[in-house]
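Structural overview
Take a look at the letters that make up each chain.
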Amino acid sequence: MDLRFDHVVIASRTLDEGVEWVERRLGVVLGSGGKHDVMGTHNRLLSLGPGRFVEVIAIDPEAPAPLQPRWFELDTPAMRQRLEDGPALIHWVVRSSDIEAALDAAGGARPEVLALSRGAFRWKIGVPADGRLEQSGVMPTIIQWFAQHPSDVLADSGCRLESLVLHHPDASAILHRLRYAGLSIEDPVQPSQEGAGLEVRIRTPRGVVEIRE
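So, here's what we can say about the structure. (Residues numbered from 1 in each chain as written. Predicted model: local features only at pLDDT ≥ 70, side-chain atom pairs only at ≥ 80, totals over all residues. Heavy atoms only, no water.)

Concerning the overall build of the protein
Within the protein one finds four helices and twelve strands. A globule of 213 residues ought to have a C-alpha radius of gyration of about 17 Å, and the protein, at 16 Å, matches this closely. Taking all 213 residues of the protein together, the buried fraction comes to 53%. In the protein, once contacts between residues fewer than 6 apart in sequence are set aside, the share between residues at least 24 apart is 68%. For the protein, the computed accessible surface area is about 9600 Å², with 50% contributed by carbon and sulfur atoms. If you average the places of the 23 positive and of the 30 negative side-chain charges in the protein, the two averages end up 3 Å apart. (Helix = DSSP H or I, 4+ residues; strand = E, 2+ residues; numbered from the N terminus. Rg over C-alpha atoms; globule rule 2.2 N^0.38 Å. Buried < 20%, exposed > 50% of the residue type's maximum accessible area, 1.4 Å probe, protein only. Contact = heavy atoms within 4.5 Å. Areas by Shrake-Rupley, 256 points an atom, 1.4 Å probe, with all protein chains shown as cover. Lys, Arg positive; Asp, Glu negative; His and termini not counted. Charge placed at Lys NZ, Arg CZ, Asp CG, Glu CD.)

Considering the layout of surface pockets
Any empty space left between the atoms is revealed when a probe the size of a water molecule rolls over them. Its boundaries defined by the atoms lining it, the largest pocket holds a volume of some 300 Å³. Forming the walls of the largest pocket are 21 residues, and the residues nearest its centre are Ala109, Pro111, Pro128, Glu134 and Pro140. Secondary-structure elements contributing two or more residues to the lining of the largest pocket are α3 (99-106), β7 (121-127) and β8 (141-146). (1 Å grid on protein atoms, 1.4 Å probe; cavity = no way out; pocket = protein on both sides within 12 Å on 5 of 7 lines; lining within 4 Å. Points joined across faces, edges and corners; volume = space filled by probe spheres on them.)

Digging into the pattern of salt bridges
All chains considered together, the criterion is met by 18 salt bridges. With a shortest N-O distance of 2.6 Å, arginine 70 and aspartate 75 are connected by a salt bridge. On the accessibility criterion, aspartate 75 (29% relative accessible area) is partly exposed. A salt bridge links arginine 201 to glutamate 199; its shortest N-O distance comes to 2.9 Å. For arginine 201, a relative accessible area of 28% corresponds to the partly exposed category. The class for glutamate 199 is buried, based on a relative accessible area of 5%. Salt bridges here are not isolated pairs; linked through shared partners, they connect Arg4, Arg52, Glu186 and Asp187. (Salt bridge = Lys/Arg side-chain N within 4 Å of Asp/Glu carboxyl O.)

Remarks on the packing of aromatic side chains
The final tally for this structure, using the stated rule, is four aromatic pairs. Ring centres 6.3 Å apart and planes at 25° place the aromatic pair phenylalanine 5 and tryptophan 92 in the stacked group. Separated by 87 residues along the polypeptide, phenylalanine 5 in strand β1 (residues 4-11) and tryptophan 92 in strand β5 (residues 88-95) bring together distant segments of the chain. The burial state of phenylalanine 5 is the same as that of tryptophan 92; both residues are buried. Seen in terms of ring centroids, phenylalanine 121 and tryptophan 145 are 6.3 Å apart; in terms of plane orientation they differ by 75°. Their pairing is edge-to-face. You can see phenylalanine 121 sitting in strand β7 and its partner tryptophan 145 sitting in strand β8, a full 24 residues away along the chain. You'll find phenylalanine 121 and tryptophan 145 in the same group, each marked buried. (Phe/Tyr/Trp six-rings, centres within 6.5 Å; stacked < 30°, edge-to-face > 60°.)

This is the structure:
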């Protein structure tokens, strides 16, 4: 079974605010995105090379309220208050060719597996019924793509993932679970017991940029 780094998630109050925040830091222009009708959100993406990308996501003000809590805690008062201070790196996602087997191997709380689509993209994704992030977002969401992957259609930004650091008291145990579930050693994910949240380092055309939760 395989498990690979797929993307990091940056949330913001509005999509325009998040896009401007990322573009200013990385010095590149984000690619296209779209709408998630089931969740009432919309996004823009940035390529990090084959099979990897950055997602900027926000609640879509033009969409009706979803029938269930939005993913990534976007409905919670705590997340809304957090994003009042500006966009934030809140989560990361790994992909598998067999999401059910990957969820079994990774352990932890069992999310609902949703089958979703947007344009040519089709995927299954594990989403807790209450929309909560496991281990405050340090434990990743698992996704399974079918046919096309977003990075296949994104222009090459010249950006590449240097490393992702998991800051959590149980970071080593979390990473061990993921390696056991098949997370490739080629994915530069590192544990740190200091602090809390995520830290991503991205090599850009103007040098390495660090974004930390």
